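Coordinate analysis (summary)
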Amino acid sequence: MKELSPDEIRSFQQERGLHVTGELNESTTRAFEESRWKLGDRSLYLQQSPLMRGDDVATLQARLTEMGFNCGRVDGIFGSLTESAVKEFQKSVGATVDGKCGPATIIALLRLTKTISGGAPTQLRENAQQKNRGPALANKVIVLDPGSAPGEEQICFDIAQRIEGRLLALGATVFLVRGASNNPSEQERISFTNKNNADLLISLHTDRIDNSAAEGVATFFYGSDAHGIHSIVGERFASLVQREISARTDLLNCRTHAKTWDSLRLTQCPAIRVDLGYLSNPGDTQRLSRPEFRDTLAESFIIAIQRLYLAAEDDAKTGTLRISDLRSAGIRR
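Everything in this summary refers to the structure shown in the same document.

Here we look at the packing of helix α7 (residues 153–169) against helix α12 (residues 291–309)
Any two packed helices are characterised by the angle at which their axes cross and by the distance between the axes. Taken N-terminus to C-terminus, the directions of α7 and α12 make an angle of 50°; their axes are 9 Å apart at the nearest point. With respect to each other, α7 and α12 are oriented oblique. By crossing handedness, the relation of α7 to α12 is classed as right-handed. On the side of α7, the interface is formed by Q154, I155, D158, I159, R162, I163, R166 and L167, while α12 contributes P291, R294, D295, L297, A298, E299, F301, I302 and I305. Residues belonging to the contact of α7 with α12 are distributed by class as follows: 10 nonpolar, one polar and six charged.

Considerations on the pattern of salt bridges
Tallied over the entire structure, the rule returns 20 salt bridges. For R16, the salt bridge is made with D55, and the minimal N-O distance between the two is 2.8 Å. Within this pair, whereas R16 is found in helix α1 (residues 6–16), its partner D55 is found in helix α3 (residues 55–66), the two being separated by 39 residues in sequence. Judged on exposure class, the residue R16 and its partner D55 are both buried. R307 is the partner of E244 in a salt bridge, and the nearest nitrogen-oxygen pair spans 2.8 Å. Pair noted here: E244 is in helix α9 (residues 232–248) and R307 is in helix α12, with a separation of 63 residues, a long-range link. An identical accessibility class is assigned to E244 and R307; each is buried. One salt-bridge network, in which partners are shared between bridges, spans D158, R162, R166, R294 and D295.

Things to note about the packing of aromatic side chains
We describe a pair of aromatic rings using the distance from one ring centre to the other and the angle between the two ring planes. Evaluation of the coordinates by the stated rule reveals four aromatic pairs. Residues F12 and F32 carry aromatic rings whose centres are separated by 3.8 Å and whose planes lie at 10° to one another, so their mutual orientation is stacked. Residue F12 is located in helix α1, and its partner F32 is located in helix α2 (residues 26–35); the two are separated by 20 residues in the primary sequence. With respect to class, F12 is no different from F32; both count as buried. Between F220 and W261 the ring centres are 4.8 Å apart and the planes differ by 50°, which places this aromatic pair in the tilted class. Here the residue F220 occupies a position in strand β4 (residues 217–224), and W261 occupies one in the loop between β6 (253–259) and α10 (262–265), the gap between them amounting to 41 residues. Judged by relative accessible area, F220 falls into the buried class, the value being 8%. Positioned over the ring face of Y45 is K100, at 6.0 Å from the centre of the ring.

Analysis parameters
- In this convention, every chain numbers its residues from 1, walking through the sequence in written order.
- Local features in this predicted model are restricted to residues whose pLDDT is 70 or higher, and side-chain atom pairs enter the listing and the counts only when it is 80 or higher, whereas totals over whole chains, interfaces and linings include all residues.
- Calculation of side-chain values draws on the structure's entire complement of heavy atoms; hydrogens and water are dropped beforehand.
- Axes, fitted as lines to C-alpha atoms, cover a helix only where it is in contact. Angles between the N-to-C directions of the axes lie from 0 to 180 degrees.
- Secondary structure elements follow DSSP: runs of H or I no shorter than four residues count as helices, runs of E no shorter than two count as strands, and numbering proceeds from the N terminus.
- When an angle is under 35 degrees it counts as roughly parallel; over 145 it counts as roughly antiparallel; between 65 and 115 it counts as roughly perpendicular; any other value is oblique.
- A crossing counts as left-handed when the near helix is turned anticlockwise from the far one by less than a right angle, and as right-handed when that turn is clockwise.
- The criterion used for residue contact is that any of the two residues' heavy atoms lie within 4.5 Å.
- Under the grouping applied here, Gly and all other residues not named as nonpolar or charged are polar, the nonpolar ones being Ala, Val, Leu, Ile, Met, Phe, Trp, Tyr, Cys and Pro and the charged ones Asp, Glu, Lys and Arg.
- By convention in these notes, a salt bridge is any Lys or Arg side-chain nitrogen within 4 Å of a carboxyl oxygen on Asp or Glu.
- Residue burial is assigned from relative accessible area. The probe radius is 1.4 Å, only protein chains are included, and a residue is buried under 20% of its type maximum, exposed over 50%, and partly exposed in between.
- A pair of aromatic rings is counted whenever rings of Phe, Tyr or Trp (Trp by its six-membered ring) have centres within 6.5 Å, and the orientation is called stacked for planes under 30 degrees apart, edge-to-face for over 60 and tilted otherwise.
- Sitting over a ring, as applied to charges here, requires NZ of Lys or CZ of Arg to be within 6 Å of the ring centre and within 35 degrees of the ring normal.

If you want it as structure tokens, here you go:
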């Protein structure tokens with residue numbers, strides 16, 4: 001790979017939904033490697049770790065998904081679900097069923113047109129799974145991931161505990177991926193979430209930059225403009241959290257954004273990250289230091305979680321629902 005300027009690296013990171021640093025870090029180097037593969041450049045198959053990754057895998061997954069074959073999330077990683085979808089496709093076209101996407105399978109893919117209409121199948125599946133879970137929080141498994149970067153660790157852990165207490169009172173099953181003293185790696189947090197078959201992952205963080213004027217709350221969900229895909233439920237949940245916090249506090253609304261960070265991409269359930277203000281901003285720091293403000297943030301999360309599972313006709317306006325309303329409505333087992 002030719003040497004790139006910081007501006008070129010920043011442009012690539014922005015396009016791929018990565019942290020924009022201008023530095024050629026590990027995640028950016030991996031994304032550059034993935035971006036050089038186009039469908040047809042190589043045979044794709046399930047291999048032992050590390051799994052095959054690339055834009056060609058994402059294109060394959062998107063193509064299979066459009067035709068109704070379940071690859072799971074379009075994440076550019078050739079896993080067991082993708083292999084199963086390839087086998088189902090091969091069976092449907094009378095090709096050799098080996099789960100490998102070689103020249104013959106690719107030609108068959110390119111010749112066929114979409115057979116599914118009425119919305120992307122992954123989106124339909126994701127929405128259906130969410131609706132089938134019902135409105136009660138008592139059967140939900142929610143993982144809270146408090147950030148552990150210097151300066152944010154105590155704030156995020158305290159807010160996570162406040163959310164945990166309220167969720168437990170409503171009957172949900174809650175896991176915190178770290179305690180007050182341990183600090184698992186990002187991959188360990190992802191593995192923990194997937195192993196426990198979570199319904200939602202909420203990653204709590206604060207931000208910090210050189211400009212002290214930067215302020216506000218922002219939420220992030222899995223999505224890739226480069227591949228034209230995103231998590232429907234993740235995006236809706238991120239929007240609900242963003243709107244509830246913005247309505248209930250005076251934090252500046254910095255909107256929701258699609259990103260391809262591993263914590264969002266590799267987590268099997270809908271996952272969001274929330275940056276709850278800037279520690280480099282005196283106003284945000286002062287807000288986050290107040291216990292009553294942290295309580296308000298916790299209540300905002302609870303209401304957003306409940307609204308995610310309510311049918312449209314039962315939903316309430318942003319900023320109006322209260323935890324006491326959930327209890328009185330019997331939305332718990």
